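# Residue-level structural notes
Each chain is listed here by its residues.
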Amino acid sequence: MPEDVSFARKLARTQRFTLGIPREFRVASDGSRVLFLRSEHGESKRQDLWSLETATGQEHRLVDAARLHAGDEEELPEEERARRERSRETGGGVVGYAVDQRCTVAAFTLAGRLYTVEIATGEVTERARPDRGAIVDPRPNPQGTHVAYACSGTLRVIELATGEDTELVAEEDPEISWGVAEFIAAEEMGRSRGYWWSQDGAWLLVQRSDSSGVPRWTIADPAHPDAGARSVAYPAAGATNVAVSLALIGLDGTRIPVDAGDGWEYLASVHWSAGGPPLVTVQTRDQRMLDVLTVDTTDGTTTLLHRDTDPDWVELAGGVPAWTTDGRLVRIGVADGAYRLMIDGKPVTDPGTQVRSVLAVDAEVLFTASEADPTQIHVYRTERGSVRRLSTDDGMHSGAGASAVTVLTSWSPHRSGPVVTVLRGDGTRVPVASHPAEPGVEPKPQLHTTGRHELRSAVLFPTGYHPDQGRLPVLLDPYGGPHAQRVLSTRNAFLSPQWFADQGFAVVITDGRGTPGRGPVWEKAVSRSLAEVTLDDQVDALHELAQRHPELDTGRVAIRGWSYGGYLAALAVLRRPDVFHAAIAGAPVVDWSLYDTHYTERYLGHPEAEPGSYRDNSLLGDAAGLRRPLLIVHGLADDNVFVAHALRLSAALLAAGKQHTFLPLVATTHMTPQDEGVAEQLLRLQLDWLRRELPDPVG
């Protein structure tokens with residue numbers, strides 16, 4: 001990348017310096033090879049499928065996306081665009097794939113077409129074109145003899161030996177679809193799949209979704225009034241959700257409905273392995289009860305295996321429940337104030353460890369967790385009832401594969417980009433090449449523990465700054481809400497904050513109550529009080545940091561954020577103008593009655609039963625009190641936090657006679673702009689706006 005390219009443009013061009021990094025690992029059942037996706041370098045968005053031989057460390061490219069599709073841009077169907085939006089996927093080429101149990105065949109889509117590749121020979125075969133509709137989520141059965149895929153509401157199966165493509169299950173009603181996770185599951189519940197193969201490859205457990213009762217919301221492109229508007233099923237708080245059910249479908253078309261009982265609203269997860277019968281996890285509408293059911297595959301009846309309850313909500317965890325290969329139930333449960341790994345009902349982690357997610361379950365369990373320091377996440381493996389930490393260095397670590405052969409991706413506070421290693425069962429470490437671009441920015445965050453709640457905070461000063469140079473305006477740059485942390489022991493987490501600091505700010509980032517990694521009591525402190533708790537924590541951290549660092553000028557404090565961070569930024573200037581002097585609110589939730597059911601009702605309850613929670617946490621009632629500069633930024637194509645939020649806030653401010661700035665982003669979704677020119681200018685515009693709107697220093 002040329003040296004004169006700005007950091008702001010590099011950030012967009014490299015997709016936040018993630019391009020060129022291997023990801024999406026699959027390990028063969030015999031441990032002989034590891035498959036993964038990676039683009040050629042740190043500026044290439046086109047990802048290819050690679051294979052690494054674990055015995056030799058040799059890599060070779062299985063699928064060259066450029067050879068299969070030579071065009072610069074893929075014409076993606078709307079269903080695929082929506083799927084990528086839910087997974088926050090911004091790359092191109094091969095962005096996802098699935099394999100059989102032995103990693104002999106992989107299935108993937110490219111430019112709307114379905115392909116398979118024979119792993120041993122590298123032979124790529126086109127299997128289906130989008131003539132019948134968008135091809136979504138192709139998956140081989142465990143034997144590698146068939147590939148299923150969802151297509152325009154139907155589920156189809158291809159027999160690889162003959163190429164025969166059969167419609168397995170479908171209905172005439174366009175409101176009913178098979179084999180695809182609904183919006184709520186994909187956006188809020190961490191479930192992106194809608195069907196699961198049996199171990200013998202002869203049956204599938206398939207989700208049926210009926211969206212006929214869900215309100216239809218419209219997304220239009222005002223910049224192109226000649227283009228038609230798009231209608232989507234969006235279940236806002238209090239509204240009807242998609243009606244989800246399951247059925248066992250045989251390759252011969254036999255259909256057995258699954259009777260999961262009554263009283264549940266959400267299908268949280270499905271697990272089907274050789275360790276036991278299928279596991280189906282369902283959740284009530286208020287999320288205070290979570291049931292784990294087993295399915296009798298002969299008649300579709302279910303049996304309650306385990307039940308979790310909580311007066312606030314039962315938190316969902318990735319990768320569980322699941323069976324070990326010898327039939328023990330693995331789950332994450334709450335005990336002694338911690339999220340603990342449970343195997344057959346017994347905790348195997350200690351109360352000082354907060355388990356984050358389960359990565360793989362076979363004879364043993366591979367999982368992630370945080371110990372005393374929530375800014376670090378490590379990878380662990382059970383070993384005959386004990387637990388061993390696989391990641392050794394400080395930082396952020398993730399894992400994939402299996403307990404015997406594990407792929408570790410390790411992000412350090414001391415270097416840019418991760419180190420990726422295959423850890424073999426004999427202890428041998430095999431490196432996987434990674435080619436991220438160099439940011440050209442060297443973050444130097446100072447980490448703090450602040451306040452009575454021991455909040456984790458970071459402060460960044462301009463490179464080369466000395467206190468003798470004078471006090472600095474302060475820029476808070478939080479997310480601050482559930483399910484995301486910003487204060488992490490990895491250098492890459494602070495690239496953008498350091499860039500803002502280098503423009504002449506002291507940048508402060510704080511993870512308050514409600515953010516993950518600190519246990520259930522910490523997370524549930526925000527119940528019914530999102531606004532009050534999360535804003536109070538930002539203020540408390542700022543005040544204590546200002547005492548420790550008198551170079552922070554608390555007479556010039558700004559705050560910026562996106563999504564929940566955007567909500568928090570607007571909230572700050574509306575409710576605490578004594579502390580905050582300017583705010584940039586990007587894609588903010590403004591009125592929680594306009595946000596989706598699963599997320600919103602978890603924290604605020606049902607709007608009909610608890611209207612006060614929605615009133616107290618809305619920004620609209622505070623509009624008349626605005627007396628600080630506010631910049632609102634929102635994408636017009638956002639199908640997660642609809643632009644209606646920003647428009648209603650702007651309308652309320654106008655009606656109250658309050659000056660503000662509103663910047664609509666054309667053709668932009670909830671993800672920040674992907675066009676590198678627009679992304680660069682948006683970052684610079686924020687900088688210029690802050691410099692203009694913050695008060696001049698005293699004297």
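## Digging into the sheet that holds strand β32 (residues 386–389)
- As summarised here, the arrangement of the four strands in space is β29-β30-β31-β32, forming an open sheet in which the pairing is antiparallel. Every other strand in the sheet has two partners, leaving β29 (354–361) and β32 as the edge strands with one partner each. Taken over all neighbouring pairs, the strand axes of this sheet differ in orientation by 30° on average, direction set aside.
- Direction of pairing for β29 relative to strand β30 (residues 365–370): antiparallel, over a ladder of six bridges. By the bridge assignment for β30, V358 is matched with F367.

## Comments concerning the nonpolar core
- Counting residues in hydrophobic clusters, the biggest one holds 68 residues, and the most contacted among them are L476, F580, W592, L619 and L630.
- A per-element tally of this core places helix α8 (residues 564–575) first, with nine residues.
- In this structure, L475, V487, F505 and I584 belong to the second largest nonpolar core, which totals 30 residues.

## A look at the pattern of salt bridges
- Here the structure, examined in full by the defined rule, presents 47 salt bridges.
- Note that E680 and R9 form a salt bridge whose closest N and O atoms lie 2.8 Å from each other. Highlighted residues: E680 in helix α12 (residues 676–693) and R9 in helix α1 (residues 7–13), separated in sequence by 671 residues.
- By relative accessible area, which is 8% here, E680 ends up buried.
- Salt-bridge contacts for R471 lead to D553; the nearest nitrogen and oxygen are separated by 4.0 Å. Here R471, found in the loop between β38 (455–460) and β39 (472–476), pairs with D553, found in strand β41 (residues 552–562); they are 82 residues apart in sequence, far enough to count as distant.
- Owing to a relative accessible area of 48%, R471 belongs among the partly exposed residues under this scheme.
- One salt-bridge network, in which partners are shared between bridges, spans R9, R13, E43, E676, E680 and R684.

## What about unusual backbone geometry?
- Across the junction of V320 and P321, the peptide omega takes the value 0°, indicating a cis bond.
- Backbone geometry places S152, a non-glycine residue, at a positive phi of 50°.
- Relative to the helices and strands, S152 resides in the loop between β11 (146–151) and β12 (154–159).
- Classification of S152 by relative accessible area gives partly exposed; the value is 43%.
- Here the phi dihedral of H483 falls at roughly 70°; this positive angle occurs in a residue that is not glycine.
- You can see H483 is positioned in the loop between β39 and α5 (495–502).
- Taking relative accessible area as the criterion, H483 reaches 46% and is therefore assigned partly exposed.

## Notes on helix α11 (residues 644–655)
- Relative to the 16 Å expected for twelve residues at 1.5 Å per residue, α11 spans 16 Å between its end C-alpha atoms, a close match to the ideal helical length.
- Those residues of α11 lying buried are H645, A646, L649, S650 and L653. Seen along its axis, α11 keeps its buried residues to an arc of 125°; they face one direction. Summarising the geometry of α11, the exposed residues directed more than 90 degrees from the buried face are L654 and A655.
- Tucked into the core, α11 has its buried residues touching β43 (630–635) and β44 (661–665).
- At the C-terminal side of α11, G657 shows a positive phi close to 75°.

Definitions and limits used
- Residues numbered from 1 in each chain as written.
- Predicted model: local features only at pLDDT ≥ 70, side-chain atom pairs only at ≥ 80, totals over all residues.
- Heavy atoms only, no water.
- Pairing = 2+ DSSP bridges.
- Helix = DSSP H or I, 4+ residues; strand = E, 2+ residues; numbered from the N terminus.
- Axes fitted to C-alpha atoms, helices over the stretch in contact; angles between N-to-C directions.
- Core = buried A, V, L, I, M, F, W, Y, C linked by side-chain atoms within 4.5 Å.
- Buried < 20%, exposed > 50% of the residue type's maximum accessible area, 1.4 Å probe, protein only.
- Salt bridge = Lys/Arg side-chain N within 4 Å of Asp/Glu carboxyl O.
- Expected span 1.5 Å × (residues − 1).
- Arc of directions from axis to C-beta.
- Contact = heavy atoms within 4.5 Å.

Coordinates in, geometry out; function isn't part of it.
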